[in-house]
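Here is how the chains run, residue by residue.
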Amino acid sequence: HLEVNRRHRGHDPLETSMNRWAADRTIDFIRNRAAEVHRRFFCMMSVFDPHNPYDNYPLEMERFVDAAAIPAPVAPADDGAAVPWAFTAEREHSYLGPMASFSAADVARMRLGYAAMVAHIDLEVGRVLSALEEEGLAGSTLVAFTSDHGDMLGDHATLVKGAMLHDPCVR
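All of these numbers come straight from a predicted model, not from anything done at the bench. (Residues numbered from 1 in each chain as written. Predicted model: local features only at pLDDT ≥ 70, side-chain atom pairs only at ≥ 80, totals over all residues. Heavy atoms only, no water.)

Chemist: Would you mind going over the side chain of His 120 with me for this structure?
Modeler: Looking at where His 120 falls in the secondary structure, it is placed in helix H4 (residues 104-134). Given the relative accessible area of 1%, His 120 is considered buried. Residues in contact with His 120, not counting those within four places in the same chain, are Leu 14, Ser 17, Asn 19, Arg 20, Pro 58 and Met 61. (Helix = DSSP H or I, 4+ residues; strand = E, 2+ residues; numbered from the N terminus. Buried < 20%, exposed > 50% of the residue type's maximum accessible area, 1.4 Å probe, protein only. Contact = heavy atoms within 4.5 Å.)

Chemist: Sorry, what's going on with the nonpolar core here?
Modeler: If you look at the biggest cluster of nonpolar residues, it comprises 9 residues: Tyr 54, Leu 96, Met 99, Val 107, Met 110, Tyr 114, Leu 153, Leu 159 and Val 160. Not counting chain neighbours up to four residues away, the residues in contact with Met 99 comprise Arg 91, Val 107, Gly 154, Ala 157, Thr 158 and Leu 159. Met 61, Leu 112, Met 117 and Ala 119 belong to the second-largest nonpolar core, a separate cluster that totals 8 residues. (Core = buried A, V, L, I, M, F, W, Y, C linked by side-chain atoms within 4.5 Å.)

Chemist: Honestly, helix H2 (residues 18-33) in this entry has me stumped. Any pointers?
Modeler: Note: α-helices contain 3.6 residues per turn, so residues at a spacing of three or four share the same orientation. The end-to-end C-alpha distance of H2 is 23 Å, a good match for the 22 Å that 16 residues give at a rise of 1.5 Å each. Looking at the packing, one finds that the buried side of H2 touches H4. (Expected span 1.5 Å × (residues − 1).)

Chemist: It is not clear to me how the packing of H2 against H4 should be interpreted in this structure. Could you clarify?
Modeler: Each pair of packed helices can be summarised by the angle the axes make with each other and by the distance between the axes. Close contact between H2 and H4 brings their axes to 9 Å; oriented N to C, the two are set at 10°. In terms of orientation, H2 lies roughly parallel with respect to H4. Counted together, Asn 19, Arg 20, Ala 23, Asp 24, Thr 26, Ile 27, Ile 30 and Arg 31 of H2 and His 120, Ile 121, Leu 123, Glu 124, Arg 127, Val 128, Ala 131, Leu 132 and Glu 134 of H4 form the full contact between these two elements. Classifying every residue of the contact of H2 with H4 by side-chain character gives 8 nonpolar, 3 polar and 6 charged. (Axes fitted to C-alpha atoms, helices over the stretch in contact; angles between N-to-C directions. Parallel < 35°, antiparallel > 145°, perpendicular 65-115°, else oblique. Nonpolar A, V, L, I, M, F, W, Y, C, P; charged D, E, K, R; others polar.)

Keep in mind that these numbers describe shape and distance, not what the molecule does.
Shown next, in the form of structure tokens:
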């Protein structure tokens, strides 16, 4: 668990967060391209969040999250039946630790942190979209937003990404 503990660095300040840095670089690129309105361009803004350990987000992002509206984790649908090895491996040997070592309060904090990280991405993407508007590029620019995976966050008794095809992981 050395790797996990190293990642717990506390809440990132908004102004020096990686998401802010990525958005600032993207906005700089957009503003520098504005003089060439009729030239095609490609820009990719890559962000790291939301990502475990789910507690490094700028603390002020919590104001955008209704913690009471975050649903409890979905219980496993195993019903005592044998489950694929990948499920057992993720539940018992996740790189965050075994699922059984986390309390319901721990998981609720993870879910809150994940939502706060999503709120932070929303804020930064909004800044980029505003820059496109300000530079007169919004009407002629295609913006695609995608991700590589979600995280389980306690759903189906699993914490992180894995071999599961449940909605939290694939959406």
